[in-house]
Each structure stands twice: as C-alpha cells, then as structure tokens.
Amino acid sequence: SLRERGSALTVLHGRPEVELAKLDVDAVLFSADVSPYARARDERIANGIAVEGTYVIDLDDIEPRKVFSPWQRAWSSLPRRHVLPAPRAIPSPEPAMGSDPSPEKVGRGLTPPQNWGGALIKSLQIGPGVPEPVREPGERAARAALGAWLDGPVDAYGAKRSPRVQLESSVEATSSRLSPYFRWGCLSPRECEQQALDRGTGGAKAWVRQLAWRDFHAHNLLHHPENVRLEQQERFRGLEFDDAPERLAAWQEGRTGFPLVDAGMRELAATGFMHNRVRLVCGSFLTKELHLDWRLGEDHFARLLLCGEPAQNNGNWQWIAGTGTDPAPYFRRMYNPALHQQRFDPDGTYVRRWVPELRDVPDEHLAEPWRMRDRPFSAMEYPDPIVDRKIERERAGERYRAATSG
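Nothing here was measured: the structure is a model prediction, and the numbers come from that model.

Describing the pattern of salt bridges
Turning to step 1, where the next piece is worked out: Under the counting rule described, the total for this entry stands at 25 salt bridges.
Turning to step 2, where the next piece is worked out: Here Asp242 and Arg399 are joined by a salt bridge, their closest N and O atoms 2.6 Å apart. Of this pair, Asp242 sits in the loop between α9 (202-223) and α10 (245-253) while Arg399 sits in helix α18 (residues 389-405), and the two are 157 residues apart along the sequence.
Turning to step 3, where the next piece is worked out: For Arg303, the salt bridge goes to Asp299, with nearest N and O atoms at 3.2 Å. Taken together, the positions of Arg303 and Asp299, both in helix α13 (residues 294-304) and four residues apart, correspond to about one turn of that helix.
Turning to step 4, where the next piece is worked out: A relative accessible area of 30% places Arg303 in the partly exposed class.
Turning to step 5, where the next piece is worked out: Linked through salt bridges whose partners overlap, the residues forming this network are Asp242, Arg247, Glu392, Arg395 and Arg399.

Following this line, the structure appears as structure tokens:
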C-alpha cells in the first residue's frame, strides 16, 4: 500500500527510543495505547506525538465510570473524528542505516507456556473448516472481512450472537471475528463504527455497542494502570486462590471433563481465537470452580489470543472474576457449562468439532457425558469431571463472602 503511494516501509530492530533517535525527523507520530508498558515506552520517544486511531473516541474526552451503561451513554454523545480516505501520495523516507528491506522476515513465533500440553492439541483430528489462524493477516484482508460482515451477517447480530456458538465456516456465524484486526491496527474502529451506523440496522447498532465495550476497557486501564497486577475492586484483593498446577494444566489443555470448556480451550490453542460466550464460560470455570487466580487465565489467553490486547484481556478477565468494573454479585457470573452448552450449542456442532472423542455421544448426554450408563467406545478416552460443581460453587461463595466481609 505504501509503494502504491510512492513511499516505503523501514523496519528497524532495537529499542524504539534508540533506533528512532537515529532518524533525521522532526516528529514521530504513533497510535496512542493505554497499557502501562506501552505508555512508558512511548514517553521515552523524543519528539513523540501520540495520536488517536485505535479506538472510536479520544479516551481522554470522557469521565471515568465504573459501570458500563452510563459510560456508554456518555460515549455515544461525544463528537467523532471525521473518517478520512488514505492519501493518494506519501513522500518516501530516506533509507535508514541498518534498516531491513524485507519486512516479511520479521515474524516472531509464540513461546508456549511452560508444561503446556500442545501435543494434545496437535493430536486432535481436526478437519477442514477452521483456518489456522482464524483470520488472514493484513489490512486488505481486514477490509475484505469487514465488508463481508457488514454486507448482511451483521444485521442479525443482536438476535443471533447468543442463541448458538457458531463455527467460523458457518454462513450464520454470529461473531464478526474482526477483533484480531483491531488488536493489530489493521482496521480503524472509528471507521467501522461509521460504516455500521450507515448500515442502520438493529444488528449493526448492537455491534457498535461492542465497540463501546472495547473503548470502555481501554479507558478503564488508562485510568487504573494498577489493574494489570491487582484487582480493581480493593475489597477483593484478599480473595483466596488455590495453588493447583494440575488443575491449571487440565484447563489449559482442554481436558477438564466439561465439554464446552474443553472445546473452547482447544479452539483457542488451534486457532488463536475463541467465541466470546465460550470465553466467559471458561473464565468463570477457572475462577469459580477451579478457584485459580484470574491472572493465570489472563496470562494464558495473552499468549494465545490473536486479539489479546492488554486492556481487553484484563478487563474481561476481571469482569468475569467479579473483581473489576460493572460490579455484580459473584454468583451472577458463575456460569454452568452444561446449561450454556445446551442453550448455545444445542445440537453439539461446536463441541463435537473440538472434542471429537464425544462425536458418538447422543445430544441428550453431550453436555454431561459422565452421566451416561454406557458410553460409546470413542468417548472412553474423555476424562470425567475434575471437580464437583455443586461442592465448588459453595466453596466459591464462601471465599467471595469472606473477601468482602474481611
């Protein structure tokens, strides 16, 4: 895209404040970010100018609030930046000393978490239909995906995003799966908002509300940078967690014995993506049934999610753990995996896709296969539940009540 406009891309390796200082430029402009690491890095850049672009609004233009709904009403009333086309021509920079002329060579691989059972995922008999990764990278691919989403599927978003957990290959996919493009700056959220509002349907407006949630989490981390290490609600900073690495490993590897949880964790490992509804179920299970620290879940998601930017990852994990914004009683966000599976994946398409051991289990037993008297042979390798939910729900209640009363 730069070459088409008469310009070029320079790739430098090293600390930004060192490498950028070598360039003969009047100013360095970059997209504003909110994580403590990014803000500290950007402050070290001489002649650095942070510009908005990765969020719908300028985050400094709104007052902090703990609850989303009133914040979203204020967000909706703010003036918006104009959506501008790309310039037809851009001056070409002078080649920098030591620049890399081949930016396609700068890829970096993920380092799997210690003791992560990646071999389990590789051994799954996963057939065609789900890309690896879930999205093709790049701005052109992002714009094509946005156009496809706004050309019809978005219209049913408000009604269809909850009834079923759909596969990416389904024509009725209930998730845009555009979040990786937002994470890596391939799409402008402001432009997406404008195009969705121009569409004018109820589904498009419901999708815009999710863009507001993204801004909300970013705004919250901007004003509460301590959230990356601590619970935002101070009353929960004494919440007791278990030290159970074997339970953590079972959760990471998708072998908890709860099919919807395991399907989600395996989808994440294979594609770098997980449907939002399933993310909530997996997060609730880790914090409420396994009694493990939400930071362990946040770290695992950060390693594998293609859309795992710090503000969204932290905001969502603290939301489901009940320690962050939009506070609600702990039991309001204690999700039963079996009930959610029956509601959002009633014919078992999603679970059978990612947990092929259960492919021959009848629908009526798929959410709780351990209750079957005679399991199919293929299901014999699938583990029994690693915890008793009834007992663990009571333990979770005791811990949350103790934290708030103490």
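Structure's up, so let's keep going.
Considering the pairing of strand β2 (residues 48-51)
Turning to step 1, where the next piece is worked out: When strand β1 (residues 28-31) meets β2, the two strands line up parallel, connected through four bridges. Bridge pairing links Ser31 to Val51 in β2.

What to know about the packing of aromatic side chains
Turning to step 1, where the next piece is worked out: Under the counting rule described, the total for this entry stands at 12 aromatic pairs.
Turning to step 2, where the next piece is worked out: An aromatic cluster is built from Phe68, Trp71, Trp213 and Phe216, whose rings are joined through pairwise contacts.
Turning to step 3, where the next piece is worked out: Sitting over the ring of Trp184, Arg183 keeps its end group 4.1 Å from the ring centre.
Turning to step 4, where the next piece is worked out: The side chain of Arg279 reaches across the aromatic face of Phe273, ending 5.2 Å from its centre.

Concerning the layout of surface pockets
Turning to step 1, where the next piece is worked out: Volume-wise, the second largest pocket comes out at about 1,000 Å³.
Turning to step 2, where the next piece is worked out: Taken together, 38 residues make up the lining of the second largest pocket; nearest its centre are Tyr157, Gln210, Asn276, Arg279 and Asn316.
Turning to step 3, where the next piece is worked out: Counting only elements with at least two residues in the lining of the second largest pocket, the list comes to α7 (179-183), α9, α12 (276-289) and α14 (310-321).
Turning to step 4, where the next piece is worked out: The biggest single contributor to the lining of the second largest pocket is α9, with seven residues.
Turning to step 5, where the next piece is worked out: Taken together, the residues of the lining of the second largest pocket break down into 16 nonpolar, 14 polar and eight charged.

Notes on the environment of Trp370
Turning to step 1, where the next piece is worked out: With respect to the helices and strands, Trp370 occurs in the loop between α17 (363-366) and α18.
Turning to step 2, where the next piece is worked out: On the accessibility criterion, Trp370 (24% relative accessible area) is partly exposed.

Re the packing of α10 against α13
Turning to step 1, where the next piece is worked out: Packing of α10 against α13 leaves a shortest axis separation of 12 Å and a crossing angle of 35°. By crossing handedness, the relation of α10 to α13 is classed as right-handed. Contact with α10, carried on its side by Leu248, Trp251 and Gln252, involves Leu296, Gly297, His300 and Phe301 of α13 and no other residues of that element.
Turning to step 2, where the next piece is worked out: The residue inventory of the contact of α10 with α13, partitioned by class, reads four nonpolar, three polar and no charged.

Comments concerning a nonpolar patch on the surface
Turning to step 1, where the next piece is worked out: A contiguous nonpolar surface patch, about 250 Å² in accessible area, is contributed by Leu29, Ile49 and Val51.
Turning to step 2, where the next piece is worked out: Here Ile49 lies in strand β2.
Turning to step 3, where the next piece is worked out: Note on Ile49: relative accessible area 40%, which makes it partly exposed.

Quick look at the confidence of the model for the chain
Turning to step 1, where the next piece is worked out: Residues with a pLDDT of 70 or more make up 87% of the chain, whose mean pLDDT is 87.
Turning to step 2, where the next piece is worked out: Mean pLDDT across the elements of the chain bottoms out in helix α4 (residues 118-122) (49) and peaks in helix α8 (residues 189-199) (97).
Turning to step 3, where the next piece is worked out: Long-range and interchain partners of residues 106-119, a stretch whose pLDDT sits below 50, account for 18 contacts in this model, where long-range means more than four residues apart.
Turning to step 4, where the next piece is worked out: For residues 125-131, every residue scores under 50 in pLDDT, and the model assigns this stretch 13 contacts once sequence neighbours within four places are set aside.

Side note on unusual backbone geometry
Turning to step 1, where the next piece is worked out: The residue Arg177 is not glycine, and still its phi comes out positive at about 55°.
Turning to step 2, where the next piece is worked out: Secondary-structure assignment places Arg177 in the loop between α6 (157-160) and α7.
Turning to step 3, where the next piece is worked out: Of the residues examined, Arg177 reaches a relative accessible area of 2% and is grouped as buried.

Comments concerning the side chain of Gln312
Turning to step 1, where the next piece is worked out: Looking at where Gln312 falls in the secondary structure, it is placed in helix α14.
Turning to step 2, where the next piece is worked out: Non-local contacts of Gln312, meaning those with residues more than four positions away in its chain, are made with Trp213, Arg214, His217 and Ala218.

Criteria and thresholds
- Residues numbered from 1 in each chain as written.
- Predicted model: local features only at pLDDT ≥ 70, side-chain atom pairs only at ≥ 80, totals over all residues.
- Heavy atoms only, no water.
- Salt bridge = Lys/Arg side-chain N within 4 Å of Asp/Glu carboxyl O.
- Helix = DSSP H or I, 4+ residues; strand = E, 2+ residues; numbered from the N terminus.
- Buried < 20%, exposed > 50% of the residue type's maximum accessible area, 1.4 Å probe, protein only.
- Pairing = 2+ DSSP bridges.
- Phe/Tyr/Trp six-rings, centres within 6.5 Å; stacked < 30°, edge-to-face > 60°.
- Lys NZ or Arg CZ within 6 Å of the ring centre and 35° of its normal.
- 1 Å grid on protein atoms, 1.4 Å probe; cavity = no way out; pocket = protein on both sides within 12 Å on 5 of 7 lines; lining within 4 Å.
- Points joined across faces, edges and corners; volume = space filled by probe spheres on them.
- Nonpolar A, V, L, I, M, F, W, Y, C, P; charged D, E, K, R; others polar.
- Axes fitted to C-alpha atoms, helices over the stretch in contact; angles between N-to-C directions.
- Left-handed = near helix turned anticlockwise from the far one by under 90°.
- Contact = heavy atoms within 4.5 Å.
- Patch = residues over 30% accessible without salt bridge, like charges linked within 9 Å, V, L, I, M, F, W, Y side chains within 5 Å.
- Areas by Shrake-Rupley, 256 points an atom, 1.4 Å probe, with all protein chains shown as cover.
- pLDDT = per-residue confidence, 0-100.

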